[in-house]
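Architecture and fold: a report
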Amino acid sequence: MDELLAWRKEFPILGHTTYMISHSLGAMPARTRQRMAEYTDMWASRGIRAWEEGWWEMPVTVGNLVGRIIGAGEGEVILQQNVSICQWVVCSCFDWQARRNKLVTDGLNFPSNNYIHHGLERNGARVVTVPSEDGFTLPVERILETIDEETALVSVSHVAFRSSYVQDVGRIAQRAREVGAMVCADLYQSAGTLPVDVRALGVEFATGGSVKWLCGGPGAGYLYVRRDLWDKVTPSATGWMAHESPFGFEGGPIRYTSDMFRFLNGTPNIPAMYAARSGYEIVGEIGVSAIREKSVRQTQRLIELALEAGFRVNSCRNPAQRGGTVVIDVPDGRAVTQELARREILVDYRPQAGIRVAPHFYTTDDEIEHTVREIRSIAK
Ligand SMILES: Cc1ncc(COP(=O)(O)O)c(C=O)c1O
């Protein structure tokens, strides 16, 4: 008996679609519609007073819901618009002209993060990317040997978007600490499907978003900054919400506030935070360890079925090294993905990887079998 299936009725799309794409866009909870109505009602009835009646604080109050999922303390997570902005805020905390100017990153990191890292080169940063030899995995030792006394920041993906490879972020953070460097982990593909504890990992910063496993929809990315760093790091990517006295409207250089608001910038995306809340609440209520237990079982089954069908699998067989997605390399993967969509089975395709298939807590075992059966029939 799979108790998590009781949640299916909360997700309207599951009534007519085999939804295997939660690594890309998690299914919308039915209660999100009501949350959006709360937003419009608030705006319509309270007008400008909405700011002081909750909106202003939302980046932190809604951030707390994410914080509970990733092991952060109260007030240590704020919501921004997306991961790219969060990464940019983190990178702007460092002086890339200083002698310690090396930024170490992994060859499996998300391209948007790469673009931001390389953009820092004009300010003096030396970006060192540790390549993945096979394009899917990256032994942690390769990263550890690149971190040295000249490293300011190590920015890595916890779970790789292309292959779902799980990186040993804890060991990276330990090595970084030994040499006085800081670590930013991108949790986008882990939080919500893999238990994450930012304290236990020992990272200084973490970023992620709501679109995927957290079922929160677009427009809400989150940033964690460890509390003891708030008075030590100063983002140059900033805005008036980070000011100590924002309603003083002082010009000139900013005087930063001392709390997590110092990592905010301009007006936050209020409707996206209303939308995102229901997904966070549901994932928080279920608990990620129950989600993970089911995910390991179902991804294992997917791998078995794909191998039986004669396909190559580009995700690790060892569950400890695998996130919530299984990447199945099928000839003409893009076309197969399109035909699957026509048959009401949603997955996606990534070049040099294959078809990404992701069960989530609401997936039935029958849907797993059905997906591989259809891939098989189309490929044939
Ligand atoms: C691991 C990872 N990081 C970052 C991103 C991009 O995030 P955003 O669009 O919020 O900047 C993605 C999106 O697919 C991702 O998978």
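Data block above holds the structure.
A few words on the overall build of the protein chain. When its secondary structure is counted, the protein chain shows twelve helices and 13 strands. By the compact-globule yardstick of 21 Å for 380 residues, the protein chain fits well, its C-alpha radius of gyration being 21 Å. Structurally, the protein chain occupies a C-alpha span of about 65 × 55 × 35 Å along its principal axes. Looking at the protein chain residue by residue over its 380 residues, the buried ones come to 57%. Considering only intrachain contacts with a sequence separation of at least 6, the fraction spanning at least 24 residues in the protein chain is 71%. A total accessible area of about 15900 Å² is found for the protein chain, and carbon and sulfur atoms account for 52% of it.

We now examine the site of the ligand. Residues in close proximity to the ligand include N82, V83, S84, F110, F161, D186, Y188, Q189 and K212, which together make up its full environment. With respect to the ligand, the side chain of D186 contributes an N or O atom lying 2.6 Å from a nitrogen atom. Contact distances for the ligand include 3.2 Å between an oxygen atom and a side-chain N or O atom of Q189. Protein contacts shield 82% of the accessible area of the ligand, which totals 390 Å² for the unbound molecule. When each cavity is represented as a set of grid points, the ligand is found to reside in the largest pocket. Per-class residue counts for the shell around the ligand are four nonpolar, three polar and two charged.

In a beta sheet, neighbouring strands pair by backbone hydrogen bonds and run either parallel or antiparallel. Taken in spatial order, the four strands line up as β9-β10-β13-β12 in an open sheet, and their pairing is antiparallel. Edge positions in the sheet fall to β9 (312-313) and β12 (348-350), since each has one partner strand and no second. Across the face of the sheet, helix α10 (residues 288-308) comes into contact with β9, β10 (326-329) and β13 (354-357) while running at roughly 10 degrees to β10. Against the sheet, helix α11 (residues 333-342) makes contact with β12 and β13, and its axis sits at roughly 170 degrees relative to β12, the strand it touches most.

Rules used in this analysis
- Residues numbered from 1 in each chain as written.
- Predicted model: local features only at pLDDT ≥ 70, side-chain atom pairs only at ≥ 80, totals over all residues.
- Heavy atoms only, no water.
- Helix = DSSP H or I, 4+ residues; strand = E, 2+ residues; numbered from the N terminus.
- Rg over C-alpha atoms; globule rule 2.2 N^0.38 Å.
- Buried < 20%, exposed > 50% of the residue type's maximum accessible area, 1.4 Å probe, protein only.
- Contact = heavy atoms within 4.5 Å.
- Areas by Shrake-Rupley, 256 points an atom, 1.4 Å probe, with all protein chains shown as cover.
- Near = heavy atom within 4 Å.
- Polar contact = N/O pair within 3.5 Å; in protein donor to acceptor, adjacent residues only side chain to side chain.
- 1 Å grid on protein atoms, 1.4 Å probe; cavity = no way out; pocket = protein on both sides within 12 Å on 5 of 7 lines; lining within 4 Å.
- Sits in = over half its atoms within 2 Å of the grid points.
- Nonpolar A, V, L, I, M, F, W, Y, C, P; charged D, E, K, R; others polar.
- Pairing = 2+ DSSP bridges.
- Axes fitted to C-alpha atoms, helices over the stretch in contact; angles between N-to-C directions.

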